[in-house]
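Chains, contacts and geometry: an overview
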Amino acid sequence: MTELAIETSGLVKSFGDNRAVDGLDLSVPAGIVYGVLGPNGAGKTTAVRMLATLLRPDGGQARVFGHDVRREADAVRARVSLTGQYASVDEDLSGMENLVLLARLLGHRKPAARDRARELLEAFGLTEAADRLVKNYSGGMRRRLDIAASILNTPDLLFLDEPTTGLDPRSRNQVWDIIRIVVAHGTTVLLTTQYLEEADRLAGRIAVIDHGKVIAEGTPGRLKSSIGAGAVHVRLRDAAQRPEAERLLSAALGTHVYLEADPVALTARVAGADNGERVAAEQASLALAELARAGIVVDDFSLGQPSLDEVFLALTDRPASEKEIAA
Ligand SMILES: Nc1ncnc2c1ncn2[C@@H]1O[C@H](COP(=O)(O)OP(=O)(O)OP(=O)(O)O)[C@@H](O)[C@H]1O
Ligand SMILES: [Mg+2]
């Protein structure tokens, strides 16, 4: 049996009458990236804070490597590290100074602290910026330094709370590479995110949470096959051909085709399969070939992964963003 890094059952945390975490059941196997996907206010940070022993649960159970987060908080703390959504390095110190300071606080002697800091700065592409003040770092550099700080001592479990929110695509890719390195060294990572694409690329398993509860769980492939692997967006040369294109796409893909407000545009969900994108791409290209055969001119098309909104539409019949309006 695989060891569980995290096991919760019926975990609850309320703020007043708001049940931020409302009966959360999670089983996170050790050694993987586990993605927790959910919109703003779903309860991700609250759950992470309880698991990292920073917040006391109101009900239910939570164990980290078998240790109860309430009764054995010290044992849990000895094995975890947290990079918060709102990070904690000191703006008025350089990257090097931050890492050395934190390493000293963790009990490393000065030469060892400097060695470890240098090694991490190098691994995270921050050597050149080592002596620059953190307040002059870009968002991506800052995020990489946060992760470096949280793995000064290699933790058995690392919580990364939305580590790429607000980053540009290049910085996001760098953070993804770092996460892959961390996991390759044996650390289990609990990654919260609002991006299906991110969870899909990194995570071995994903839990989708909403209103403090798990509403879907499984491998990315399973999840995508339950919600559709993506959507194909097509733009025609001639609006008059749209009814015919709608009929052909619908028949080829076996799904409903949405007619967009733009009279030449159509969107269709592409059903998935366990082995993911290739199947979706194949289906989409076969459908496009049908259009070509019927003499319908396609000016532009794209195949995209479903967005968080599409995931939520498929799982709950409402987009994730509606939650904000209701709240
Ligand atoms: N300290 C607090 N006091 C009162 N309410 C809180 C507190 N922390 C969180 N909440 C509420 O609990 C709910 C869950 O918040 P949480 O921060 O866990 O969500 P999240 O999934 O991390 O969202 P985001 O993606 O925006 O970070 C929200 O309704 C939030 O307003
Ligand atoms: Mg949060």
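Keep in mind the model is a prediction, meaning the values are calculated, not measured. (Residues numbered from 1 in each chain as written. Chains lettered and ligands numbered in written order. Predicted model: local features only at pLDDT ≥ 70, side-chain atom pairs only at ≥ 80, totals over all residues.)

1. Section: the environment of Leu 106
For Leu 106, the location among the structural elements is in the loop between helix H3 (95–105) and helix H4 (110–123). With 47 residues separating them along the chain, Leu 106 and Asn 153 place their C-alpha atoms 7.8 Å apart. In contact with Leu 106, other than residues within four places in its own chain, are Leu 152 and Asn 153. (Helix = DSSP H or I, 4+ residues; strand = E, 2+ residues; numbered from the N terminus. Contact = placed C-beta atoms within 7 Å.)

2. Focus on helix H1 (residues 44–51)
When you tally the buried positions in H1, you get 8 out of 8 residues, the bulk of the element. Inspection of H1 places Lys 44, Thr 45, Thr 46, Ala 47, Val 48, Arg 49, Met 50 and Leu 51 among the buried residues, and these make up the whole buried set. Phi for Thr 53, located one or two positions after H1, is positive at around 65°. (Buried ≥ 20, exposed ≤ 12 C-beta atoms within 10 Å, placed from the backbone.)

3. Side note on unusual backbone geometry
A positive phi angle, close to 45°, is found at Glu 162, a residue other than glycine. For Glu 162, the location among the structural elements is in the loop between strand E7 (157–161) and helix H6 (169–184). Residue classification places Glu 162 among the buried positions, given that 22 C-beta atoms sit within 10 Å.

4. Description of helix H5 (residues 139–150)
For H5, built from 12 residues, the straight-helix expectation of 16 Å at 1.5 Å per residue is met to within 8% by its first-to-last C-alpha distance of 17 Å. The element H5 is largely enclosed, with a buried count of 10 among its 12 residues. Of the residues making up H5, those classed as buried are Gly 140, Met 141, Arg 143, Arg 144, Leu 145, Asp 146, Ile 147, Ala 148, Ala 149 and Ser 150. For H5, the elements touching its buried residues are strand E6 (80–83), H3, H4, E7 and H6. (Expected span 1.5 Å × (residues − 1).)

5. Points about the pairing of strand E10 (residues 213–218)
As judged from the 5 bridges shared by strand E9 (residues 205–210) and E10, these two strands associate in the antiparallel manner. Looking at E10, one finds that Ile 206 is bridged to Gly 218. Connecting the antiparallel pair E9 and E10 is a turn made up of 2 residues, with His 211 showing a positive phi of about 50°. (Pairing = 2+ DSSP bridges.)

6. Here's the deal with the sheet that holds strand E4 (residues 59–64)
Across the sheet, which stays open at both edges, the 4 strands sit in the order E2-E1-E4-E5 with antiparallel pairing between neighbours. Where the open sheet ends on each side, the last strands, each with one partner, are strand E2 (18–29) and strand E5 (67–68). Direction of pairing for strand E1 (residues 4–15) relative to E4: antiparallel, over a ladder of 5 bridges. By the bridge assignment for E4, Thr 8 is matched with Ala 62.

7. Considering the packing of H3 against H5
Contact geometry for H3 and H5: axes closest at 10 Å, N-to-C directions at 20°. With respect to their mutual orientation, H3 and H5 come out roughly parallel. The crossing of H3 and H5 is right-handed. Only Leu 145, Ala 148 and Ala 149 of H5 make contact with H3, whose side of the interface consists of Gly 95, Asn 98, Leu 99 and Leu 102. Grouping the amino acids of the contact of H3 with H5 by side-chain chemistry returns 5 nonpolar, 2 polar and no charged. (Axes fitted to C-alpha atoms, helices over the stretch in contact; angles between N-to-C directions. Parallel < 35°, antiparallel > 145°, perpendicular 65-115°, else oblique. Left-handed = near helix turned anticlockwise from the far one by under 90°. Nonpolar A, V, L, I, M, F, W, Y, C, P; charged D, E, K, R; others polar.)

8. A word on the domain arrangement of the protein chain
When the parts come together, some accessible area is lost, and that loss is often what is quoted as the size of the interface. Under the domain assignment, the protein chain is made up of domain 1 (4–219) and domain 2 (229–305). When each unit is reduced to the centre of its C-alpha atoms, the spacing between domain 1 and domain 2 is 39 Å. (Domains from an automatic or database assignment.)

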